[in-house]
Amino acid sequence: MTETDALDKETAEAISNELLRLADSKLLLGYRYSQWMFSAPSLEACNAASSISQDEFGHARALYTAHLSMTDDVEEDELMHEREPEEYWNAPALDQTSETWTELVVDAFLIDSAIGELVSALEYDAIGRMQDKIEQEESFHDRYGHVWLTRLAGDDPEATQAAVDETFESVYAWFGPENDVRQLQADSPRTDEPLVEADLRPPASEVREQWLESVESVIEDVGLSFPDTPSPDREAWDGDRWRLDDGGPDQPSIEQLRGDESAAFR
Amino acid sequence: MSVQSHDRIYEVFAAQSHETGLEHIGSVHADDADIAALHGCAVYDEEDWIVMKVVPRDRLYDVDEYAGDI
C-alpha cells in the first residue's frame, strides 16, 4: 500500500476524488436502505434493512474521514451539511428512492458490489483498521442480496428482470467509457488517470470487468440476465462526478442527509 | 409486485462457546431457511456467537409427557 507522503499533488487529488465518489455512494446507499426500515416485507427484513443501513453509514464515515485527510479544500461541516445535490459525487443509480422492495434489493446488490470492487482495487490504505470490519459486513450484504434475489426472481421474474435492466445500465455507465487512457486524454480527460498511471488502481473499465464477473454469476444463477449495454458516451462523460448528466440525488433526500431540520442543534 | 408476508416461524439457536453449547435465543419469520438464516443474523447480531442455527418451529416434535404449544 502507498503512503500519503509518497504521493505527488495530482495523485493525492485523484485518490481524494475517488474516496469522495465512494463515500457519497455509501452515504446514499445507507439512506436508501433506511427508507425501507419501516416498510420491508417483514419485521425481520426491516431489522436487516436498518442494520445494513447502519453499516453503510459507517463505511461512508470511514471514507469521508480518509477523503478529508487528503484535501485542504473542504471542511467537514461544509462536506456534510452544505452541499447541493449537484455537488454529490454518488453513483447516479442512487439518485432516486428505490420504489419497491425488489428495486431496493436489485439496486443495492449491483451498486454495493460495484463500490466494493473499486474499494478493493485501490492500492492505497484509505480505511486502515476499518478494512476487516467493512469486509465482514460486506460479506453479509452480498449474501443478503443473493438470497433475496433468488427469492424475488422466483416469485416475480419479470419485475426482478425489469429492475436489473434499469439499474444495470446505470451502474455499468458509472465506471465510464472504455479506458484507453491515451484516447481519453485526447478528447475527454478523466481525473482518475493519475491513479492508473501511478499503478494505484487498474483502469476503471478493468474494475468494471471484475465487477461484471462477480455479479453475472449470481444473476445467471437466479435465472436472470444483463441487457446489452453500450459504453457510455465519451463526450458527455463528467470525469469528476462519473456521470453523464449534471443531476444529483433528489432534493428531499439531500435535505434529510444534510440534516437541514436539525441544523439549529449543531 | 408485492412481496408476500411470511407466516412460517423459525426458531433460532446459537452458541457463544463450545462449552456452553446451543441455546434458544429467539425466533424469526421467513418463508425459507435461507432468509430465516439472514434474519437470524441481522436480528440477533449483538452478541459474539460462534454458531447460529435456525429450524422451522413446525419441525420440532412434541415429547409426549410435555406436549403442548407455547
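Residues numbered from 1 in each chain as written. Chains lettered and ligands numbered in written order. Predicted model: local features only at pLDDT ≥ 70, side-chain atom pairs only at ≥ 80, totals over all residues. Heavy atoms only, no water.

### A word on the interface of chain A and chain B
The partner chain B presents 17 residues to the 19 residues of chain A that form the contact. For the pair chain A and chain B, the summed buried area comes to about 1600 Å², and 68% of that belongs to carbon and sulfur atoms. Among the residues chain A hides against chain B, the three largest losses belong to Glu44, Val147 and Arg151 of chain A. Together they make up 37% of the total. Viewed at the interface, chain B and chain A are joined by 1 salt bridge. Arg151 of chain A is the partner of Asp31 of chain B in a salt bridge, and the nearest nitrogen-oxygen pair spans 3.6 Å. At the junction of chain A and chain B, the tally comes to 1 residue pair in polar contact (both at pLDDT 80 or more). At the level of elements, helix H2 (43-69), helix H4 (101-121) and helix H5 (131-155) of chain A are the ones that each hand at least two residues to the side of chain A that touches chain B. By residue number, the principal contributor to the side of chain A that touches chain B is H5 of chain A, which donates 8 residues. Counted by class, the side of chain A that touches chain B contains 10 nonpolar, 4 polar and 5 charged residues. (Contact = heavy atoms within 4.5 Å. Buried area = accessible area lost by both parts, 1.4 Å probe. Salt bridge = Lys/Arg side-chain N within 4 Å of Asp/Glu carboxyl O. Polar contact = N/O pair within 3.5 Å; in protein donor to acceptor, adjacent residues only side chain to side chain. Helix = DSSP H or I, 4+ residues; strand = E, 2+ residues; numbered from the N terminus. Nonpolar A, V, L, I, M, F, W, Y, C, P; charged D, E, K, R; others polar.)

### Here we look at the packing of H4 of chain A against helix H6 (residues 157-174) of chain A
Residue and element names in this part refer to chain A. The geometry of H4 relative to H6 is characterised by a closest axis approach of 9 Å and an angle of 30° between their N-to-C directions. Taken as axis vectors, H4 and H6 run roughly parallel relative to one another. Pair H4 / H6 crosses with right-handed handedness. Two secondary-structure elements touch here, H4 through Thr102, Glu103, Val106, Asp107, Leu110, Ile111, Ala114, Ile115 and Leu118 and H6 through Ala159, Thr160, Ala163, Val164, Thr167, Phe168, Val171 and Trp174. Taken together, the residues of the contact of H4 with H6 sort by class into 12 nonpolar, 3 polar and 2 charged. (Axes fitted to C-alpha atoms, helices over the stretch in contact; angles between N-to-C directions. Parallel < 35°, antiparallel > 145°, perpendicular 65-115°, else oblique. Left-handed = near helix turned anticlockwise from the far one by under 90°.)

### Considerations on the confidence of the model for chain B
Residue and element names in this part refer to chain B. Of the residues in chain B, 91% reach a pLDDT of 70 or more, and the chain-wide mean stands at 89. Confidence scores differ between elements of chain B, with helix H1 (residues 33-43) showing the lowest mean pLDDT of 93 and strand S3 (residues 51-56) the highest of 97. Taken over the whole predicted complex, pTM reads 0.89, whereas the ipTM for its chain interfaces reads 0.74. (pLDDT = per-residue confidence, 0-100.)

### Here we look at the environment of His141 of chain A
Relative to the elements of secondary structure, His141 of chain A occurs in helix H5. If we ignore the near neighbours within four places in the chain, the residues touching His141 of chain A are Ile52, Asp55, Glu56, His59 and Asp112 of chain A.

### A look at the pattern of salt bridges
Residue and element names in this part refer to chain A. Counted according to the given criterion, the structure contains 18 salt bridges over all chains. The partner of Lys26 in a salt bridge is Glu56, with the nearest N and O atoms 2.8 Å apart. Residue Lys26 is located in helix H1 (residues 9-34), and its partner Glu56 is located in helix H2; the two are separated by 30 residues in the primary sequence. For the pair Lys26 and Glu56, a shared accessibility class is recorded, and that class is buried. Across the salt bridge formed by Asp260 and Arg258, the nearest N and O atoms sit 2.8 Å from each other. Look at Arg258 and you get buried, because its relative accessible area is 6%. Through salt bridges with shared partners, one network takes in Glu18, Arg21, Asp192 and Arg201. (Buried < 20%, exposed > 50% of the residue type's maximum accessible area, 1.4 Å probe, protein only.)

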